[in-house]
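A look at the structure
Residues per chain, in single letters:
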Amino acid sequence: MLVLFFLMFFSIVNAATPEKAILFVVSITKDSNATLENYFATKDFITPSEAGDYSFELLDEKKNLLYKINANVVFHSLGIPYGWPLEQSKDLIKETSTYEVLYVVFPFFNGASYFRIKKYDKTILEKKINLCNYNGTCEEHENSLSCSDCSASDGFCVPDADDMCDPDCLLGIDPDCEQQSSSKTEARGASATNYILFGLLLVIVLILAYNIKKRFKK
Ligand SMILES: [Ca+2]
Ligand SMILES: [Ca+2]
């Protein structure tokens, strides 16, 4: 099982800032068995469409096409792990070369209701999706980007400068959270300054001691 990053990598090259998007995590086997592993709203770079055997489609409630991404799926194989005998590695190589995990990023559409994968124009997967069921509870596939059921504390970090500190972001990721952590940073800064002053003082004392010693020797 390998994670394929090339789609995301190329999209980073093409765009400057991530936009509101829907991320689909899909696994596909070489014999065209596709599984929708997960999906949720995010901020990311949209996967560019390119010539390929596969197409990934986002549809509305009436199954009208909202957005389509064509792509090639490359089935990578792990090499022989270090120290493994060839015989033992065969199964692993076989398994990893027949299975690929893809991250496909679509622009965000409020009416997105179906996700579909086609290979050579034949549908190999079609799933109903729901980014919000408006029941007042924040659930799977829902977060504050897509759903009013969720608050900022939804287990998902949105590190935007939107005057709202997202408690799910690690320290220093969300610029709005800096005000709250600045007292800690100041304290750390102060102690760093103390160390530098102490070091300088130590150097001065040592120079003085050396000079005095030299004078006494004369
Ligand atoms: Ca809900
Ligand atoms: Ca959050």
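Residue positions within a chain follow its written sequence, with the count starting from 1. Each chain takes a letter, starting from A, and each ligand takes a number, starting from 1, following the order in which they are written. Selection of residues for local features in this predicted model requires a pLDDT of at least 70, selection of side-chain atom pairs for listing and counting requires 80 or more, and totals for whole chains, interfaces and linings are taken over all residues.

Next up on the list: the overall build of the protein chain. Broken down by element type, the protein chain carries three helices and eight strands. Scanning the protein chain from its N terminus toward the C terminus, one meets helices and strands in the order β-α-β-β-β-β-α-β-β-β-α. Put plainly, a residue is buried at 20 or more neighbouring C-beta atoms within 10 Å of its own, exposed at 12 or fewer, and partly exposed in between, counting only other residues' C-beta atoms, which are placed from the backbone. For the protein chain, the residues scored as buried account for 18% of the 218 residues in total. Helix numbering and strand numbering both begin at the N terminus, where a helix is a DSSP run of H or I of at least 4 residues and a strand a DSSP run of E of at least 2.

All right, on to the nonpolar core then. The biggest cluster of nonpolar side chains holds 28 residues, and the ones touching the most others in it are Ile22, Val26, Val104, Val105 and Phe106. The set of elements that each furnish at least two residues to this core consists of β2 (19-29), β3 (34-44), β4 (54-59), β5 (65-71), β6 (99-107) and β7 (114-119). To form a nonpolar core, buried Ala, Val, Leu, Ile, Met, Phe, Trp, Tyr and Cys residues must be joined through C-beta atoms within 7 Å.

Each regular strand displays side chains that alternate between the two surfaces of the sheet. Should DSSP find at least two bridges between two strands, the strands are regarded as paired. Bridge count for β2 against β3 is 10 bridges, and the pairing is antiparallel. Looking across to β3, one finds that isoleucine 22 is bridged to alanine 41. Here β2 hands over to β3 after four residues, with serine 32 in that stretch at a positive phi of 70 degrees.

What follows covers the sheet that holds β4. Spatial ordering of the open sheet is given by β5-β4-β7-β8, a layout of four strands whose pairing is antiparallel. Lying at the two open borders of the sheet, with one neighbouring strand each, are β5 and β8 (122-128). Neighbour-to-neighbour, the strand axes of this sheet turn through a mean angle of 15 degrees, independent of strand direction. Bridge count for β4 against β7 is six bridges, and the pairing is antiparallel. Paired with serine 55 across the two strands is lysine 118, which belongs to β7. Between N-to-C directions, angles cover 0 to 180 degrees, with each direction set by a line fitted to C-alpha atoms, over the stretch in contact for helices.

Within the protein chain, residue pLDDT values average 83, and 80% of them lie at 70 or more. Counted against residues more than four places away or in other chains, residues 1-15, with its pLDDT under 50, gives 28 contacts. The predictor rates its confidence in each residue with pLDDT, a number between 0 and 100. Placing a C-beta atom from the backbone of each residue, one calls two residues in contact when those atoms lie within 7 Å.

Turning our attention to unusual backbone geometry. Of note in this structure, serine 32 is not a glycine but carries a positive phi near 70 degrees. Assessed through the 15 C-beta atoms surrounding it within 10 Å, serine 32 is described here as partly exposed. For histidine 141, which is not glycine, the phi dihedral falls at a positive 70 degrees. Looking at where histidine 141 falls in the secondary structure, it is placed in the loop between β8 and α3 (178-217).

So, on to the environment of glutamate 19. Among the structural elements, glutamate 19 can be located in strand β2. Apart from the residues within four sequence positions on either side, glutamate 19 is in contact with Lys43, Ile46 and Pro107.

For the rest of this paragraph, the subject is the environment of cysteine 165. Looking at the secondary structure, you find cysteine 165 in the loop between β8 and α3. In this structure cysteine 165 comes out as partly exposed when scored by C-beta crowding, with 15 C-beta atoms within 10 Å. Spatially, the C-alpha atom of cysteine 165 lies 4.8 Å from that of aspartate 176, the residues being 11 residues apart in sequence.

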